[in-house]
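The chain contents come next:
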Amino acid sequence: MTDFAQSTFVPSVETDQLAVDTLRFLAADMVEAAQSGHPGMPMGAAPMAWTLWSRHLRHDPADPEWADRDRFVLSAGHGSALLYGLLHLFGYDLPVEELRRFRQLGSRTPGHPEFGETPGVECTTGPLGQGLGMAVGMALAERMTAARYPEVTGHRTYAIVGDGCLMEGVSHEVGSFAGHLGLGGLIVLWDDNEITIDGAVGRSCGDDQVARFAAYGWHTEVVPDGTDIEAIDAALTRAKGDPRPSFLAVRTVIGHGAPGVAGTPKAHGSPLGAQRLAQAKELAGWTLPPFAVPAPVQAMCAALAAVGAAEHTSWLEEFATFDALAPERAAQFRRAGARLLPAGLLSALEGVAARAPRATRQASQACLRAALSTMPELVGGSADLAGSTGTESGEVVRREDFTAGAIAFGIREFGMAAVLNGMSLHGGFRVFGSTFLVFADYLRPALRLSALMRQPVIYVLTHDSIAVGEDGPTHQPVEHVESLRLIPGLQVLRPADDAETALAWELALTRVDGPTALILSRQALPQLDRPHTGDTAVDLSPVYGAGESSDRESSDRESSDRESSVDAALRSPLAGALSRPTARHVEIVSTGSEVALAVGVAEQLEADGYVVRVISALDRSRFVADPSAHTISIEAGSTAGWAGLVDLAIGIDEFGHSGPGDEVMARHGFTVHAVLDRIREYLDGAP
């Protein structure tokens, strides 16, 4: 594959300077037009960005989703104007009108880069450090893809990070992880401008960042002058030849060329102002009007884009050869890239149910194994808890061998989730990660980005309540399920037994437009009857029969049919044609391990003469109470989210205690007797 560095379209010194000034002033013009934004980073980092894009980045602006393109991540997302300028110059679908609408409602140039909003933006950045984590995930996905499909894989991942990115704790997690795996296709440029919002970096951080990344096992270099394009180019070339991930420290000046503010925090997050911007342009000899692009820069970028298009055409020819020689592997490559489910997956999930009681984490492990047997692109691991979370999935990826599908993330929950986001964004894989539910707090910022970017990352979160027991309140989640339900776009599923666990995995795998959290028990749970054999009606969101599907249309249709069935079950408490005298009708809604408790309570209430219906709210967001019934919730967690949904919420709004799980549950009132007492007290006083 041809390298951009070998291209005959290498810019001249004059064109280089014109291009760098173009990027600087496009960014400053955008911020000035919006009267908000961050001009300093783009003005300082423009030379390194131009060097990378003009000499090294392999991409085709006409097809931003080309599978074998190089990935570029602007981790310092506040410098978004720099990225928009690059995309505009190289011919992505980002016309100058969109640059003029920078940071305006409905524009394709939002304040921070947002995946799915702007062609060519690989991921949503802005929360500092997470872009670096996603770049590590993209680089890992590339290595794993190359191990499976070496005939058609040969790209790299580049990132520009700032001082803030490197201060964030997630940068330590993912930096260590990338060094451990030796992700040689990853090249990170550090915009070393020594300035943060509050002042000089030295006020709060004295780290030797180069030594730090060298200690992780990275190749490191220092470029002392961030305007020296030849030096940056040479450092990038050496980095591409090194088998380790590379960290290039490029010394820059924030707000380069802006009189009175360059090199100071004042250049960071405010418009330069019309007078200062005019002075900066005058000092640079820039006489063009706002948002103008000089003809030589236009011509050079068009020529470079043509090189990328030729690279893409060459790759398509290579893929056609690959397809002819290995049609099954090529078909699998296409299917995985399109996120289509393989034939046999859904029927495999239906076969995991056991008769004996077992924890839903164990049922989940059976589901995972069933899915892996038909879905080789399903990869992931845990934050050092695979045995406990039921996510052991075979051989572990190593720097010597990326053919495996299991990933040992180590005790790096935040880093794990950021890497999973990057792998999902890269494409070609469906990914999962696991830890204890209580430690979802450690990864929450990346989970939020999973939802914001609509990435189908699966989070396997086990040990789901105070029933964890002896590990005590530090390990007993109370508020966590409720807090996860607050995240827009996150599907939170808490299954009650094997059948619901299989359905939860099915819903997670058929969903391609957002993440799913599977909330699973540590303790064994009984397998519940469907339907309940007594007079109590139990709606448990049953596992619906699912045919096999190998194409998106049929898969989407089956998914829609199943979700409609779930909707009907959870939104229509009257289903089942039960006769319910209003004064004597009780509806108990529960989730997960408390559903069996709800069934036991219902049997006792029936003896009191009530007509009782139990609903297992696998996905509470689908639940709508029956207004003709007294509705009661039972869940071993915070009651805050049940307010307004039910008449009486039975839960726990305090921390747990250390002791055997059943004793802790009893201590907090989760027994048939204690719950009955509360319900009877409520019913006695109800109108």
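Nothing here was measured: the structure is a model prediction, and the numbers come from that model.

This brings us to the pattern of salt bridges. Inspection of the entire model under this criterion finds 31 salt bridges. Put simply, Glu122 and Arg69 hold a salt bridge, and the shortest N to O gap is 2.8 Å. Of this pair, Glu122 sits in the loop between α4 (96-100) and α5 (130-148) while Arg69 sits in the loop between α2 (40-55) and β1 (71-74), and the two are 53 residues apart along the sequence. A relative accessible area of 9% places Arg69 in the buried class. When the shortest N-O distance is used, the salt bridge between Glu98 and Arg101 registers 3.5 Å. One network of salt bridges, in which partners are shared, links Asp93, Glu98, Arg101 and Arg108.

So, on to the packing of aromatic side chains. This structure, assessed with the given rule, holds 19 aromatic pairs. Measuring from ring centre to ring centre gives 6.3 Å for Tyr149 and Phe322, while their planes differ by 75 degrees; the resulting arrangement is edge-to-face. Taken as a pair, Tyr149 in the loop between α5 and β2 (157-161) and Phe322 in helix α11 (residues 295-325) lie far apart in primary sequence, 173 residues in all. Residue Tyr149 is classed as buried on the basis of its relative accessible area of 9%. For Phe322, a relative accessible area of 4% gives the class buried. An angle of 25 degrees between the planes, with centres 5.8 Å apart, marks the rings of Trp190 and Phe247 as stacked. Highlighted residues: Trp190 in strand β3 (residues 186-192) and Phe247 in strand β7 (residues 246-251), separated in sequence by 57 residues. Taking relative accessible area as the criterion, Trp190 reaches 8% and is therefore assigned buried. For Phe247, a relative accessible area of 0% translates into the label buried. Put simply, the rings of Trp66, Tyr149, Trp315, Phe319, Phe322 and Phe333 touch in pairs and so form one group of aromatic residues. In this arrangement the basic side chain of Arg584 is found over the ring face of Tyr610, its NZ or CZ atom lying 3.7 Å from the centre.

Moving on, we get to unusual backbone geometry. In this model, Arg454 sits at a positive phi of 60 degrees, which is unusual for a non-glycine residue. Structurally, the position occupied by Arg454 is in the loop between α17 (440-452) and β11 (458-462). In the Ramachandran plot, His463 falls in the positive-phi region, its phi being about 60 degrees despite a non-glycine side chain. With respect to the element layout, His463 can be found in the loop between β11 and α18 (480-485). A relative accessible area of 5% places His463 in the buried class.

With that out of the way, let us pick up the sheet that holds β11. Pairing within the open sheet is parallel, and its six strands lie in the order β9-β8-β10-β11-β13-β12. The sheet terminates laterally at β9 (406-408) and β12 (491-493), the two strands that pair on one side only. Along the sheet, successive strands turn relative to each other by an average axial angle of 20 degrees, direction set aside.

Let's shift gears to the nonpolar core. In globular proteins that are soluble, nonpolar side chains generally tend to be buried together. One finds Trp50, Trp53, Leu140 and Leu484 to be the most contacted residues of the largest nonpolar core, which totals 117 residues. Looking at this core, the element that brings in the most residues is α5, giving nine residues. Once you skip the residues sitting within four places of it in the chain, Trp50 turns out to touch Pro11, Asp16, Ala19, Val20, Leu23, Arg55, Phe90, Ile229, Met300, Cys301 and Leu304. Counting 30 residues, the second largest nonpolar core, distinct from the first, contains Ala496, Ala598, Ile652 and Phe670.

Caution applies to low-pLDDT regions: their predicted coordinates should not be interpreted in detail. Model confidence for the protein chain is summarised by a mean pLDDT of 92, while 91% of its residues fall at 70 or above. In this model residues 532-581 is a low-confidence stretch, pLDDT under 50, and it forms 107 contacts with partners more than four residues away in sequence or in other chains.

Relative to the 20 Å expected for 14 residues at 1.5 Å per residue, helix α23 (residues 672-685) spans 20 Å between its end C-alpha atoms, a close match to the ideal helical length. Within the span of α23, buried status applies to Val675, Leu676, Ile679 and Leu683. Projected down its long axis, α23 shows its buried positions confined to an angular sector of 100 degrees, all on one face. Exposed side of α23, more than 90 degrees from the buried face: His673, Glu681, Asp684 and Gly685 are the residues found there. Of the surrounding secondary structure, the elements contacted by the buried residues of α23 are β15 (585-590), α21 (594-607), β17 (630-634) and β18 (648-650).

This brings us to the pairing of β17. Most of β17 sits inside the fold, with five of its five residues counted as buried. Of the two faces of β17, the one lined by His630, Ile632 and Ile634 and the one lined by Thr631 and Ser633 are each fully buried. The sheet contact formed by β15 and β17 spans five bridges and is parallel. Each bridged residue has a counterpart across the sheet, and for Ser590 the counterpart in β17 is Ile634. Both β17 and β18 contribute to a ladder of three bridges, which runs parallel. The residue of β18 that forms the bridge with Ile632 is Leu648.

About the criteria used
- Residues numbered from 1 in each chain as written.
- Predicted model: local features only at pLDDT ≥ 70, side-chain atom pairs only at ≥ 80, totals over all residues.
- Heavy atoms only, no water.
- Salt bridge = Lys/Arg side-chain N within 4 Å of Asp/Glu carboxyl O.
- Helix = DSSP H or I, 4+ residues; strand = E, 2+ residues; numbered from the N terminus.
- Buried < 20%, exposed > 50% of the residue type's maximum accessible area, 1.4 Å probe, protein only.
- Phe/Tyr/Trp six-rings, centres within 6.5 Å; stacked < 30°, edge-to-face > 60°.
- Lys NZ or Arg CZ within 6 Å of the ring centre and 35° of its normal.
- Pairing = 2+ DSSP bridges.
- Axes fitted to C-alpha atoms, helices over the stretch in contact; angles between N-to-C directions.
- Core = buried A, V, L, I, M, F, W, Y, C linked by side-chain atoms within 4.5 Å.
- Contact = heavy atoms within 4.5 Å.
- pLDDT = per-residue confidence, 0-100.
- Expected span 1.5 Å × (residues − 1).
- Arc of directions from axis to C-beta.

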